[in-house]
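# Observations on the model geometry
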Amino acid sequence: MKLLSVERRWMHGVLDAMFPRGASDQLPLGIMELDVDGFIEDLIGSQRWVGAMGIRASFAFVALSPLVTLRKPATVGRLSAEEKERAFGALYKSRFYVVRQLVMLAKATGAMLYCAAPQARRVMVGGGSGQEARDA
Amino acid sequence: MLDLDTLHRMPTAAQTEPPGAFPDDPESLPPGSVVEGSTVHGTEAQAFDFVVVGSGAAGGVAAHELAEAGFRVALVEEGPWVRTRQFQEAVQPAFKAMYRNGGGFVIQGRTFIPLLQGVCVGGGTTVNSAIAWRLPDDVYADWAVRFGVGSVLNERNLEPCFDDLERLLEVHPVEEHILGRNNTLMRDGMLKLGIRPHVIDRYARGCRGSARCAQGCPNGAKLSTALTFVPWALAKGATLFTEAKVQRVTHAAGKATGVVASTSGKGTLRLSARRGVVVAASTVQTPTLLRRSGLRSKAIGEHFMAHPGVGLGALSDDVVDLTKGVTQAMETIQFRRTHRFKLESLALSPELAAVRIPGFGASLIRRLADFRRLAVWGVQVRAYATGKVDMLAGADRVRYSLGPEDVRIAKKGLRTLAEIAFASGAREVMTGIHGLPETISSPDQLALIDAAPDDPRYYMFIATHLFGAARMGPDSRSSAVGLDFATHEIDKLFVVDSSVFPSNIGVNPQHTIMAVAMHAARTIAARC
C-alpha cells in the first residue's frame, strides 16, 4: 500500500530532522539528497503488513510528537533546530517503552538509507559501494 | 524404535573425502535438480523417498546424508537461492532478499526483540558468522539428567558427527592477518584484564575479512550449506524446490505421506514421501508447521528458548573500521558456566551500528562522521526465559519475555565488555541502556551499569539463536518428538532441527544443529 501524501511529508520532515544536511564538515550529506521515497516504498513493500504499519506509525508518531513533547501544534519538520533537538530528546528519554521503540524504528529506517549511501560510507568507513550495490 | 545396538553399528564418519565448496555456478548442478517456485504455476506432483523441509544447517545436512545413503530426496526451501554474485554490501537488499519478513520479524513480549532469520537456500548459514562450537560437556549432562535424552544426544553419537563436519567444512581459527582491528582491540582489552580470549573457529575457506557475513559472503568463503551440503545432495540425486513454502505435512493412518507446498509462482507442489518427511524449518517455523499439519501435542510450541544479545559500542582514538576484518573472530567463554554469558566481537555494518549510536540530528551526524573509530562487541546471554511459538492471523508468532535474572546476566556482560573497552584504550563507551548517560567516558562510571534497572525494556536486545518449541523427550506429555526423532503423534514425521533441543546451550548453535541433524539423518536412513 502506497504512502499517503501527508504521510510522505511527515516522513520527510522526520528524516530530515534526524539526518540533516550540513551538520558536519566531514559528513555534509543530508538524507533528503537521497531517494527517500523510493527507499521507503521498497522497504515497506518488503515487510508483512504488521511491519509496514509499524514503520508508517513510527513516522506519523514522531512527526506529530511536538504536540505532546513541546505542546506546540506543529510537525517535526516545521520546528527550529533547537526545538527539534528538544523534541527528539524528549522522545528518546521517554519513560514509555513504546514511545522509545517508535522513535528508534524511525531512526533505524533512516539509517538503513543514509549509511548505505556512498557519500556517507566514504566518510564512515573510508569507501564502499552501498548505494551502487543497491542500485545494481 | 531403533535399538541402540543397531544405531552404534551405523557409519559414524563420512566415508568420502571433503568434496569441496560448490563453485556456485548453477550450470555445474545436475540438470533439473533445482525447481524454482516461481516457475511452478499449477499443481505439480512428484514422488520421493524423503521430503526434507528447510535447507539450512539442519535440513541441508539431513538431505545430504539421506541422498548419500541412496534415497531419492526432495529438499524444499521457502526462500530463493541467492547466489554469491548477487550478494550486496548494503543491508536492506540483503534483508529483503534473504531474511524473514524483510528483517522485520519481531519477538513479542514485555519487549519487542528483533529476530533475524535467514529465509533462503542455506537458511541461517548463509547470513550468520559461521561460528563452530561443539556442544559443551555440561549441556550433554544436563540434557541427560533433566530431559532424558542422554541415550540419543550424547557424546558417542554427536562427537563423530562434529569430527565429520569439521573435516568437511574446514573448521579452523580465523587467521591473524584477517582479524581486523575490531577483533584485535577486544583481544588486547581482554588480555590486559586477564580474561582469556579465544580466536573463533569458523567454517570458511579463503576468507578475506570483508565483514559482510550478514549480507552473504561476497567471496564465497563462508561454507554455508548453500555452498556445501545442498549442492552435494543435488549431486547425489536430490531435487531442490526453492520459493516453496510447505503449508502442511500430509499423513494417513498415523504415518506421514508427504507435503503440500505453495510456490511463489502461485502454484502448488504435492510431494509424496514413501519413507518419511524430515522437518528442519527452524525453531519458529517447525512447530507452526506441525500445528498446521494437525498435530495436537501440547508440547508443540512450548519451551522456546533463545540466546538474546545486547551490544556495546566503544569509541577509541585508533581507527577501527568495522568493515575491515572478520565479522566475528574474537570471543571468550570464560563466563559461560559461571555467569551464563559469552562475549563476542561483532562488526556490524554502518546501517545497523548507526541505530546504536546515540543522538539525532547534528549530534548523530557528528558521531557518524567518527564511525571509523567505533568498535562493537556483544553479550550473548544464556537466558532462563522460556516462550511460546504459535500463529496469529496466519503468521508465525513468538511470545517471549526476559526476566530480571536474564537482564542481570546481560548487565554483567555489558559491564565486562565496558571494562574490556576501557582496558583496550577506548575513550568512551555506549551501553545503549535507557536512562544512563549516552556515553560513559571513565571506568569510574561503570557502577551505573550495575545500578541500571533489571527491566528488559531498558535494553536493546536482539535474538538470533533459537531452541526448543518441539523438543525431544521420552514422554509424549512433555515433549513433541521422541528419541527416534519422530513426532510422538505421527510416524515417519521427523524433526531434526534445534526445535528438538531441550534447552539453550550457551554457545553458538550451528555446529550442534548440524551434528544433531547428521546423526538424526543417519538414524532415519538406517531405520527407514
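This structure is a prediction, so every number in the text was calculated from the model and none was measured. (Residues numbered from 1 in each chain as written. Chains lettered and ligands numbered in written order. Predicted model: local features only at pLDDT ≥ 70, side-chain atom pairs only at ≥ 80, totals over all residues. Heavy atoms only, no water.)

Tallying secondary structure elements over chain A gives eight helices and zero strands in all. Listed N to C, the secondary structure of chain A is α-α-α-α-α-α-α-α in terms of helices and strands. Its C-alpha radius of gyration of 15 Å places chain A within 12% of the 14 Å reference for a compact globule of 136 residues. The 136 residues of chain A split such that 53% are buried. (Helix = DSSP H or I, 4+ residues; strand = E, 2+ residues; numbered from the N terminus. Rg over C-alpha atoms; globule rule 2.2 N^0.38 Å. Buried < 20%, exposed > 50% of the residue type's maximum accessible area, 1.4 Å probe, protein only.)

Attention now moves to the pattern of salt bridges. All names here are of chain B. Under the defined criterion, the tally for this structure stands at 48 salt bridges over all chains. Among the salt bridges present, the one from Asp-142 reaches Arg-146, with a minimum N-O distance of 2.7 Å. Here the residue Asp-142 and the residue Arg-146 both occupy positions in helix H5 (residues 137–147), the gap between them amounting to four residues, near one helical turn. One salt bridge in this structure joins Arg-522 and Asp-164, with 2.9 Å as the shortest N-O distance. A residue pair is termed long-range when its members are at least 10 positions apart, and Arg-522 in helix H15 (residues 510–527) and Asp-164 in helix H6 (residues 155–168) qualify at 358 residues. Of the two residues, Arg-522 and Asp-164, neither departs from the other in class, the shared state being buried. By sharing partners, the salt bridges in this structure join Glu-65, Asp-164, Arg-167 and Arg-522 into a single network. (Salt bridge = Lys/Arg side-chain N within 4 Å of Asp/Glu carboxyl O.)

What follows covers unusual backbone geometry. For Ala130(B), which is not glycine, the phi dihedral falls at a positive 60°. Along the chain, Ala130(B) falls in the loop between helix H4 (124–127) and H5.

So, on to helix H1 (residues 5–18) of chain A. Structural remark: α-helix, 3.6 residues per turn; residues separated by three or four positions point the same way. End to end, H1(A) covers 20 Å across 14 residues, agreeing with the expected 20 Å (1.5 Å per residue, within 8%). When H1(A) is considered as a whole, its buried residues turn out to be Glu7(A), Met11(A), Gly13(A), Val14(A), Leu15(A), Ala17(A) and Met18(A). Tucked inside the fold, the buried residues of H1(A) contact helix H2 (36–45), helix H3 (49–64), helix H5 (81–92) and helix H6 (97–114) of chain A together with helix H12 (361–369) of chain B. (Expected span 1.5 Å × (residues − 1). Contact = heavy atoms within 4.5 Å.)

Looking now at the packing of H3(A) against H6(A). Residue and element names in this part refer to chain A. Remark: H3 packs on H6, axes separated minimally by 8 Å, with the N-to-C direction vectors making an angle of 105°. Judged on the interaxial angle alone, H6 and H3 are roughly perpendicular. Every residue of H6 that contacts H3 at Gly-54, Ile-55, Ala-57, Ser-58, Phe-59, Phe-61 and Val-62 is listed here: Val-99, Leu-102, Val-103, Leu-105, Ala-106 and Thr-109. Taken together, the residues of the contact of H3 with H6 break down into 10 nonpolar, three polar and no charged. (Axes fitted to C-alpha atoms, helices over the stretch in contact; angles between N-to-C directions. Parallel < 35°, antiparallel > 145°, perpendicular 65-115°, else oblique. Nonpolar A, V, L, I, M, F, W, Y, C, P; charged D, E, K, R; others polar.)

Here we come to the state of the cysteines. Each disulfide consists of a covalent bond between the sulfur atoms of two cysteine residues. In this structure the tally under the stated criterion is zero disulfides over all chains. Cys213(B) provides the cysteine sulfur closest to Cys115(A), a residue in no disulfide bond, and the two sulfurs are 20 Å apart. Of all cysteine sulfurs, the one in Cys207(B) lies closest to Cys213(B), which takes part in no disulfide; the gap is 6.5 Å. For Cys213(B), a relative accessible area of 9% translates into the label buried. (Disulfide = S-S within 2.5 Å.)

Take H3(A) next. All names here are of chain A. Given a rise of 1.5 Å per residue, 16 residues ought to cover 22 Å, and the 22 Å separating the end C-alpha atoms of H3 matches this to within 8%. Where H3 is concerned, the buried positions are Ala-52, Ile-55, Arg-56, Ser-58, Phe-59, Ala-60, Val-62 and Ala-63. On its buried face, H3 sits against H1, H2, helix H4 (66–69), H5 and H6.

This next bit is on the interface of chain A and chain B. Each partner contributes to the interface: chain A provides 42 residues, whereas chain B provides 42 residues. Both faces considered, chain A and chain B share a buried interface measuring about 3600 Å² in area, 64% of it formed by carbon and sulfur atoms. Our enumeration of links across chain A and chain B arrives at three salt bridges. Linking Glu89(B) and Arg121(A) is a salt bridge whose minimum nitrogen-to-oxygen distance equals 3.3 Å. Elements with a minimum of two residues in the side of chain A that touches chain B: H1, H2, H5, H6, helix H7 (118–125) and helix H8 (130–135) of chain A. Sort the elements by how many residues they give to the side of chain A that touches chain B and H6(A) lands first, with 10 residues. Among the residues making up the side of chain A that touches chain B, the classes are represented as 24 nonpolar, 10 polar and eight charged. (Buried area = accessible area lost by both parts, 1.4 Å probe.)

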